[in-house]
Amino acid sequence: MTTVSPFARSSVFEDARITGREQTIEEMYSVPESFLEIEVRNPQTHGFGRKMYTDYEIVCKTNIPAFKLRHSVVRRRYSDFEAFRDILERESTRVNIPPLPGKVFTNRFSDEVIESRREGLERFLSIVAGHPLLQVPLIISILPYCMLTQPSYQTGSKVLCAFLQDPAWDKSQWL
């Protein structure tokens, strides 16, 4: 008798590799079971003098059910990313949140600095948005028999989808 691990993943794509048969055209070019694409692009600098800032366009494409929209485009500035990261750290004690690209104090509006920051912000969002414990809003009890006596632990981020997809996101609503 063959035992199958409850953690084993099986799909049409993996079955084709395991059995050694070639994938069909449909298997090669169909939409994956779940996908998430995050792109940070089109930085724009606004204002003058001490009131200057740069914001970035965030494009999110996904078919993961945890996200409300399949395609969204929003703009965020670096201070929004800082607030978002702080909120994530507070609400997700079980997940190690990666650092943001560092603050820049000289030449912060040069093309090289803006591009470097854009790449760092994209890397940060890809890691955070792709983390399964931040995507799925679930309440998990430690053990079924102690549901009334032990606290439940929440996984999933309440702020993740809003930050990535709500054009009206405001950090003051989350602080």
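Quick look at the structure, then. (Residues numbered from 1 in each chain as written. Predicted model: local features only at pLDDT ≥ 70, side-chain atom pairs only at ≥ 80, totals over all residues. Heavy atoms only, no water.)

Across the interface, helix α3 (residues 78-91) lies against helix α4 (residues 111-129) with an axial gap of 12 Å and an inter-helix angle of 25 degrees. Taken together, the axes of α3 and α4 are roughly parallel relative to one another. Both α3 and α4 take part in a crossing whose hand is left-handed. Taking contact as the criterion, the partners of Y78, F81, F84, R85 and L88 in α3 are, on α4, R117, L121, F124, L125 and V128. Each residue belonging to the contact of α3 with α4 can be placed in one class, and the counts come to eight nonpolar, no polar and two charged. (Axes fitted to C-alpha atoms, helices over the stretch in contact; angles between N-to-C directions. Helix = DSSP H or I, 4+ residues; strand = E, 2+ residues; numbered from the N terminus. Parallel < 35°, antiparallel > 145°, perpendicular 65-115°, else oblique. Left-handed = near helix turned anticlockwise from the far one by under 90°. Contact = heavy atoms within 4.5 Å. Nonpolar A, V, L, I, M, F, W, Y, C, P; charged D, E, K, R; others polar.)

Counted under the stated rule, the structure contains four aromatic pairs. Centre to centre, the rings of F81 and F163 are 5.2 Å apart; their planes meet at 75 degrees, and the pair counts as edge-to-face. One end of the pair, F81, is in helix α3; the other, F163, is in helix α6 (residues 159-165), with 82 residues separating them in the sequence. The class for F163 is buried, based on a relative accessible area of 0%. (Phe/Tyr/Trp six-rings, centres within 6.5 Å; stacked < 30°, edge-to-face > 60°. Buried < 20%, exposed > 50% of the residue type's maximum accessible area, 1.4 Å probe, protein only.)

Turning our eyes to something else, we now look at the environment of L134. Along the chain, the position of L134 falls in helix α5 (residues 132-135). Residues L134 and A66, 68 residues apart in the sequence, show an inter-C-alpha distance of 9.5 Å.

This part is about the nonpolar core. Note on soluble globular proteins: their nonpolar side chains tend to be buried together. Counting 31 residues, the largest nonpolar core has I58, F84, L125 and L164 as the members making the most contacts within it. For this core, the secondary-structure elements that each account for two or more residues are β1 (36-46), β2 (53-62), α3, α4 and α6. Setting aside its immediate chain neighbours within four residues, I58 contacts I38, E39, V40, S72, V73, V74, R76, F81, L125, F163 and L164. (Core = buried A, V, L, I, M, F, W, Y, C linked by side-chain atoms within 4.5 Å.)

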